[in-house]
Amino acid sequence: MEGYLDYKSDSKGYIYAKLYDSLVEGKQALEMIQKGLLQNASSKAFLSVKSAVSALVVKNLNEIIKLKDEKEKYWYENVGYSAPTTGLIGISKDLKKLGIDAENVIRIALTLHKFSYNGFDPNFVDYRNSEEVIDDVKEVIEWLINLKYYFDDFWDEKLEKAKKDLEELLKKCSVNHPLLIRNFAYMHSVIRHEYVPAF
């Protein structure tokens, strides 16, 4: 999404843009997997979840803040709507109260976020090998594919095409892909500076 979109002045536009962003970022994550760039793929998968969660928060903002105190309302209206990294766990619990299951995918996304910075450094991440990382990225993608359930009133041909592109690419991203097999050796190598995290 280019430029700045104010959710307060155009909530529907904001939700749609974030939703589309999430599907595009998910596709980019799978493309990075095909290229053997696991840290980049993990970063994109994390960003795809952040975008989707931001869309979920804004769509359900009134329900979320209904029983919140003034401090929490202010946080959601000025910070939380954007799904900041440090607030994702709490947001997932608030979404769960509304019947929106995002808690597991958010925890996976946060684990991928750590991996995107630290690679296979055992002091910082929980992954032992490439297959575990790829499986988590795939789980994120599967969650993204099912977002239509929460955004049926926003869904159009553009979003449907983005979803189908994701589905097709997911089918191709098998762990047995030769480019992915080579990543098992990467686990034991010096971590490459293939990715500079963007804040």
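Keep in mind it's a predicted model, so treat the numbers as computed, not measured.

### Some thoughts on the nonpolar core
A general feature of soluble globular proteins is that nonpolar side chains tend to end up buried together.
Part 1 of the reasoning: Among the nonpolar cores identified, the biggest contains 60 residues, and L30, V53, V137, W143, L144 and F151 are the most heavily contacted of them.
Part 2 of the reasoning: Of all the elements in the fold, those that place two or more residues in this core are α1 (11-34), α2 (38-59), α3 (61-65), α5 (88-97), α6 (103-118), α7 (130-145) and α8 (157-172).
Part 3 of the reasoning: Looking at this core element by element, the count peaks at eleven residues for α2.
Part 4 of the reasoning: Among residues more than four places away in sequence, those in contact with L144 are S22, L23, G26, S48, A52 and L166.

### Examining the packing of α1 against α2
Part 1 of the reasoning: Between α1 and α2, whose axes approach to 8 Å, the crossing angle comes to 160°. Relative to α2, the element α1 lies roughly antiparallel. The handedness of the crossing between α1 and α2 comes out as left-handed.
Part 2 of the reasoning: Partitioning the contact of α1 with α2 into residue classes produces 13 nonpolar, eight polar and five charged.

### Re a negative patch on the surface
Part 1 of the reasoning: Taken together, the side chains of E131, D135, E139 and E142 make up a negatively charged region of the molecular surface.
Part 2 of the reasoning: Residue placement: D135 occurs in helix α7.

### Structural notes on α1
Part 1 of the reasoning: Between its terminal C-alpha atoms α1 stretches 35 Å, which fits the 34 Å expected from 24 residues at 1.5 Å a residue.
Part 2 of the reasoning: Taken from the residues just after α1, G36 is the one with a positive phi, measuring 80°.

### Some words on the environment of K138
Part 1 of the reasoning: By the element assignment, K138 lies in helix α7.
Part 2 of the reasoning: You can call K138 buried: its relative accessible area is 15%.
Part 3 of the reasoning: Distance from K138 to A29, taken between C-alpha atoms, is 9.2 Å for residues 109 residues apart in sequence.
Part 4 of the reasoning: Engagement of the side chain of K138 in a polar contact is seen with the backbone oxygen of C173, the distance being 2.7 Å.

About the criteria used
- Residues numbered from 1 in each chain as written.
- Predicted model: local features only at pLDDT ≥ 70, side-chain atom pairs only at ≥ 80, totals over all residues.
- Heavy atoms only, no water.
- Core = buried A, V, L, I, M, F, W, Y, C linked by side-chain atoms within 4.5 Å.
- Buried < 20%, exposed > 50% of the residue type's maximum accessible area, 1.4 Å probe, protein only.
- Helix = DSSP H or I, 4+ residues; strand = E, 2+ residues; numbered from the N terminus.
- Contact = heavy atoms within 4.5 Å.
- Axes fitted to C-alpha atoms, helices over the stretch in contact; angles between N-to-C directions.
- Parallel < 35°, antiparallel > 145°, perpendicular 65-115°, else oblique.
- Left-handed = near helix turned anticlockwise from the far one by under 90°.
- Nonpolar A, V, L, I, M, F, W, Y, C, P; charged D, E, K, R; others polar.
- Patch = residues over 30% accessible without salt bridge, like charges linked within 9 Å, V, L, I, M, F, W, Y side chains within 5 Å.
- Areas by Shrake-Rupley, 256 points an atom, 1.4 Å probe, with all protein chains shown as cover.
- Salt bridge = Lys/Arg side-chain N within 4 Å of Asp/Glu carboxyl O.
- Lys, Arg positive; Asp, Glu negative; His and termini not counted.
- Charge placed at Lys NZ, Arg CZ, Asp CG, Glu CD.
- Expected span 1.5 Å × (residues − 1).
- Polar contact = N/O pair within 3.5 Å; in protein donor to acceptor, adjacent residues only side chain to side chain.

In short, geometric facts, not functional conclusions.
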